[in-house]
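Breakdown of the fold
Here is how the chains run, residue by residue.
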Amino acid sequence: MGQAARRIEAPHSAARTARLRLVDTPPARAPRSPSRSAGAARVRIEEARARSIFTAFVLVFAALIVLGGARVTLTARAAEFSLSENRLQAEIKQERIVVDQLEVDRSALSTPSRIADIASASMSMGEPASVKYITTSDLAGPTTKPTAGSTVLSGAAGAIQRVVGTVVDLSAGEAQSLLVGDLGLAGSR
């Protein structure tokens, strides 16, 4: 423990010299051997294969981007059309409600009793003593010329036919007013 530290010094007499030296002439090339050219060809084949794989990857990636963008675009357009279709459905429903209300108003305003009340109150009209109807078949005239013996028969048959036609027309008109009028079936949509 009590030893003093010693100092070790290198001798000054040995000078250091550089161990590197400069070479002026390039090294000679080794001749190509068949194994080396086969290796270079193999490397070129691997590079071409890697290049084709990379190109295929880039093309597939670009196609996926295009298809994804097209899908998003089509989905957005479908949603837009769906919203506009829903809005149009609501407008159609509102218009049907308005049409139904107008039909109800028309049938209520066109009832024969209301028209008779308005005619008697505002125009001082009353019930007629007799009613006469004119049909278009009466205006056209007979289609065949009657013979002398058939005039009596056709006149009576024609009168019966006119009465039956008038009753059928009146029944059809009343049936229509029952279906449409007095809030019958107008609001069934």
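This part covers the overall build of the chain. A tally of helices and strands in the chain yields four helices and zero strands. Along the chain, helices and strands appear, N-terminal first, in the series α-α-α-α. Within the chain, the fraction of its 189 residues that count as buried is 4%.

Note that predicted coordinates carrying low pLDDT should not be read in detail. Per-chain confidence: the chain averages 78 in pLDDT, with 73% of residues scoring 70 or above. Helix α3 (residues 136-140) is the least confidently modelled element of the chain, averaging 59 in pLDDT, while helix α1 (residues 34-109) averages 91, the highest of any element. A low-confidence stretch, residues 182-189 stays under pLDDT 50, and its non-local contacts, those more than four residues away or across chains, total 14 contacts.

A few words now on unusual backbone geometry. Positive phi outside glycine occurs at S124, with the angle close to 55 degrees. Turning to its location among the elements, S124 is positioned in the loop between α2 (112-122) and α3. Residue classification places S124 among the exposed residues on the basis of a relative accessible area of 67%.

Within the fold, S122 resides in helix α2. Exposure remark for S122: the relative accessible area of 54% places this residue in the exposed category. Polar side-chain contacts of S122 include one of 2.7 Å to the backbone oxygen of I118.

Below, the discussion takes up the packing of aromatic side chains. Under the criterion given, the structure shown has one aromatic pair. An angle of 15 degrees between the planes, with centres 6.1 Å apart, marks the rings of F57 and F61 as stacked. In this pair, F57 and F61 both sit in helix α1, four residues apart, roughly one turn of the helix. You can call F57 exposed: its relative accessible area is 53%.

On the surface, a cluster of nonpolar side chains totalling about 530 Å² of accessible area is made up of F54, F57, V58, F61 and I65. Take F61: its relative accessible area is 48%, and that puts it in the partly exposed class.

Cut-offs used in this document
The residue count restarts for each chain, going from 1 along the sequence in the order it is written. This being a predicted model, a pLDDT of at least 70 is required before a residue's local features are given, and a value of 80 or more before pairs of side-chain atoms are given or counted; all residues contribute to the totals for chains, interfaces and linings. With hydrogens and water set aside, each side-chain value is computed from the structure's full complement of heavy atoms. Helix numbering and strand numbering both begin at the N terminus, where a helix is a DSSP run of H or I of at least 4 residues and a strand a DSSP run of E of at least 2. Per-residue accessibility, obtained with a 1.4 Å probe over protein chains only, is compared with the maximum for each type, and a residue is labelled buried under 20%, exposed over 50%, and partly exposed between these values. Confidence scores per residue from the predictor, reported as pLDDT, run from 0 to 100. The contact definition used throughout considers only heavy atoms, calling two residues in contact when any of these lie within 4.5 Å. Polar contact is the term for a pair of N or O atoms within 3.5 Å; when the atoms are in protein, one must be able to donate a hydrogen and the other to accept it, and sequence-neighboring residues count only if both atoms are side-chain atoms. The aromatic pairing rule takes the rings of Phe, Tyr and Trp, using the six-membered ring of Trp, and pairs them if the centres are within 6.5 Å, calling planes under 30 degrees apart stacked, those over 60 edge-to-face and the rest tilted. Here the term patch refers to residues with relative accessible area over 30% and no salt bridge, with like charges joined within 9 Å and nonpolar side chains (Val, Leu, Ile, Met, Phe, Trp, Tyr) within 5 Å. With residues, only the protein chains shown are counted as cover, and all accessible areas are computed by Shrake-Rupley using a 1.4 Å probe. Here a salt bridge means any side-chain nitrogen of Lys or Arg lying within 4 Å of a carboxyl oxygen belonging to Asp or Glu.

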